[in-house]
Amino acid sequence: TGLLGTLQGNPQQFVPLVGALWREMDTGGFSVVLRETLPRFNGKLFKTPDVIPLDRDQIGLLLDAGKANWTQVEPAIFGTLLERALTPGERHALGAHYTPRAYVERLVLPTIIEPLREEWRNIQAAALLLANEGKLDAARAEVDAFHHRLCQIRVLDPACGSANFLYVTLEHMKRLEGEVLDQMHTFGAGQQRLEAEGLTVDPHQFLGLELNPRAAAIAELVLWIGYLQWHFRTNGSGLPPQPILKDFKNIECRDAVLAWDRIEAALDENGQSISRWDGVTMKAHPVTGEPVPDDTARVPQQRLINPRRAEWPQADYIVGNPPFIGAASLRAALGDGYVEALRKTWQDVPESADLVMFWWHHAAQLVAQGEVKRFGLITTNSLKQTFNRRVVEAALNAPAPKPVIPAKAGIQDGLSASTAALDSGVRRNDGGLHLAFAIPDHPWVDSADGAAVRIAMTVGAAGASEEGRLLSVTDEREGNGEGIEVTLQEQVGLLHADLRIGANVAAAKALKANTDLSNRGFCLFGA
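Everything numeric in this text was worked out from a predicted model, so none of it was measured.

### Digging into the packing of helix α7 (residues 136-150) against helix α8 (residues 164-186)
Axis separation between α7 and α8 bottoms out at 10 Å; the angle between their running directions is 160 degrees. By the angle between their directions, the pair α7 and α8 is classed as roughly antiparallel. Read as a crossing pair, α7 and α8 show a hand that is left-handed. Judged by residue contacts, Val143, Asp144, Phe146, His147 and Leu150 of α7 engage Met173, Leu176, Glu177, Val180, Leu181, Gln183 and Met184 from α8. A breakdown of the residues in the contact of α7 with α8 according to their chemical character gives 8 nonpolar, 2 polar and 2 charged.

### Comments concerning the nonpolar core
It is characteristic of soluble globular proteins that their nonpolar side chains tend to be buried jointly. If you look at the biggest cluster of nonpolar residues, it comprises 78 residues, and the most contacted ones within it are Leu116, Leu150, Val155, Leu166, Met173 and Phe206. The contacts of Phe206, once residues within four sequence positions are left out, are Val155, Leu166, Thr169, Leu170, Met173, Val201, Leu223, Asn250 and Ile251. Judged by nonpolar contacts, the second largest core, of 47 residues, contains Leu304, Trp360, Leu383 and Ala456.

### Remarks on the side chain of Asp294
Structurally, the position occupied by Asp294 is in the loop between β10 (291-293) and β11 (298-300). No salt bridge is formed by the buried Asp294. Its closest oppositely charged neighbour is Lys283, at 4.5 Å. If we ignore the near neighbours within four places in the chain, the residues touching Asp294 are Trp277, Thr281, Met282 and Lys283.

### Notes on the packing of aromatic side chains
Enumeration over the complete set of coordinates arrives at 8 aromatic pairs. Among the aromatic residues, ring-to-ring pairing joins Trp224, Tyr227 and Phe248 into one connected group. It is Arg309 that lies over the ring of Trp346; its NZ or CZ is 4.0 Å from the centre.

### Considering the environment of Ala126
By the element assignment, Ala126 lies in helix α6 (residues 101-132). Assessed through its relative accessible area of 31%, Ala126 is described here as partly exposed. Remark: the alpha-carbon pair of Ala126 and Ala139, spanning 13 residues in sequence, is separated by 7.5 Å.

### A word on unusual backbone geometry
Cis peptide bonds are those with omega within 30 degrees of zero, and the linkage from Gln242 to Pro243 qualifies with -5 degrees. You can see Pro243 is positioned in the loop between α10 (213-235) and β5 (251-253). Here Ser465, not a glycine, exhibits a phi torsion of approximately 60 degrees, which is positive. Its place among the elements puts Ser465 in the loop between β17 (452-462) and β18 (468-478). Since its relative accessible area comes to 64%, Ser465 is described here as exposed. We note that Leu499 has phi near 60 degrees; this positive angle belongs to a residue other than glycine. Take Leu499: it is sitting in the segment after β19 (484-493).

### Focus: helix α13 (residues 356-368)
Given a rise of 1.5 Å per residue, 13 residues ought to cover 18 Å, and the 19 Å separating the end C-alpha atoms of α13 matches this to within 8%. Counting buried positions along α13 gives 12 out of 13 residues, so the element sits mostly inside the fold. All of the buried residues in α13 are Val356, Met357, Phe358, Trp359, Trp360, His361, His362, Ala363, Ala364, Leu366, Val367 and Ala368. Where α13 ends, the next residue or the one after it, Gly370, has phi of about 85 degrees, a positive value.

### Details of the confidence of the model for the protein
Mean pLDDT over the protein works out to 86, with 87% of the residues at or above the 70 mark. When the elements of the protein are averaged for pLDDT, helix α15 (residues 411-423) gives the smallest value, 40, and strand β3 (residues 155-157) the largest, 98. In the predicted structure, residues 407-429 sits below a pLDDT of 50 and forms 17 contacts with residues beyond four places in sequence or in another chain.

### A word on the pattern of salt bridges
Taken as a whole, this structure holds 25 salt bridges when the rule is applied. Between Arg101 and Glu74 there is a salt bridge whose closest N-O contact spans 3.6 Å. Highlighted residues: Arg101 in helix α6 and Glu74 in the loop between α3 (56-67) and α4 (77-85), separated in sequence by 27 residues. Overall, Glu74 belongs to the partly exposed group, its relative accessible area being 29%. Through salt bridges with shared partners, a single ionic network connects Glu74, Arg101, Glu105, Glu171 and Arg175.

Criteria and cut-off values
- Residues numbered from 1 in each chain as written.
- Predicted model: local features only at pLDDT ≥ 70, side-chain atom pairs only at ≥ 80, totals over all residues.
- Heavy atoms only, no water.
- Axes fitted to C-alpha atoms, helices over the stretch in contact; angles between N-to-C directions.
- Helix = DSSP H or I, 4+ residues; strand = E, 2+ residues; numbered from the N terminus.
- Parallel < 35°, antiparallel > 145°, perpendicular 65-115°, else oblique.
- Left-handed = near helix turned anticlockwise from the far one by under 90°.
- Contact = heavy atoms within 4.5 Å.
- Nonpolar A, V, L, I, M, F, W, Y, C, P; charged D, E, K, R; others polar.
- Core = buried A, V, L, I, M, F, W, Y, C linked by side-chain atoms within 4.5 Å.
- Buried < 20%, exposed > 50% of the residue type's maximum accessible area, 1.4 Å probe, protein only.
- Lys, Arg positive; Asp, Glu negative; His and termini not counted.
- Salt bridge = Lys/Arg side-chain N within 4 Å of Asp/Glu carboxyl O.
- Phe/Tyr/Trp six-rings, centres within 6.5 Å; stacked < 30°, edge-to-face > 60°.
- Lys NZ or Arg CZ within 6 Å of the ring centre and 35° of its normal.
- Expected span 1.5 Å × (residues − 1).
- pLDDT = per-residue confidence, 0-100.

Below, the structure written as structure tokens:
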């Protein structure tokens, strides 16, 4: 901020001096620019100090931003900034939408935080019981072991955007960690030692996949801002251990559902490039004057060589808001080559399913196989309708995987293997999947263009045929901030694929007695 104040009257010095400062921040040590010793920041943020020339007014805007109290700035604002920086065409192609914080918490809490808090309550009760019996070392060990697990939990958002879901999860996990450390303090353990040893909830636990390189870069920044804010709120002005920023490579800029070796131009039988309408450019219809696609605005079609399912980083929980692109719009938004590769690679996802269901299907598989504890995803509310519901039905009705026992193992060996699997803790799973939480029809507003969308929130957890919580919206009203405020009514019971509790109407079969007898009558077709 001090440097910016001197540069406002000398904007020509902005590029060389700021570039020099960033290089000094990367390595740490004495700064010639600021004439004082700097801590080592490191992290890839300062590795390539490409400085954009700014004029006097623009430097003034930076100066205003620098004077703000950044311990109080809400990192989630970057989601809104990013979405509004994308053109409508980019937003549609990426399915990019900013999710208001209240909606993020509504999904993050049942997916990740509530199960962790339930585990913490049990650990805390056991530790207090031990402490009351005078077994202080054993009580400390219980709390210490839980803290170690908390600092190793991995959360993945496979369509992370600017990391709002990851940031909110980080904040809630830091809050839980604070309670754990307070309990450890009452048992005589010190917090500073743990942070100095690197044993703390930090950004390396929060993993993201994001196709847009700008969003991926912002996501990493948002996580570090959130982490540093929490550090300074709880530790005062003391700096965290150096380097202050670390390049954990936890946000990957790549496709979340497909991987491929290379992309080639699609050619016809004559070797000519195949093209399609660019999906954006419109022209006025010569008769009606209505906007219609402009056939002359074309982009070349592409072909993906050796397409395959994209691998997701190993995680304990999956949460996020994957892109909203309907099945009918896939080819216009993503191109024939991509869609054909998608259909060929994911043959177990029906062709009538929306793009978001590829994320839902993969997350459900990982939970059912015991690789992930829970997943929570936002989809459009068409999740409970026939075409998308097929994916949910297949996941809920899939047979539980059989335990793998060595071929020559005896009964006792098999029992030992089963016991070991149960004792593994994080990966324990009796097979199958159930819906632990659902909001079937929730309002949501696209902050960039104000478009009203209806969404569904679902949380899948391990174990078949277990009860879940169904929250229904009973009242909607304009909120003070972003989003629409709602009143929710809760039911508990077995959640079916149509996100209802009670009779499983969605599983009803056609009456064979009516075959060739009944008819649905006349149906309208077209406009």
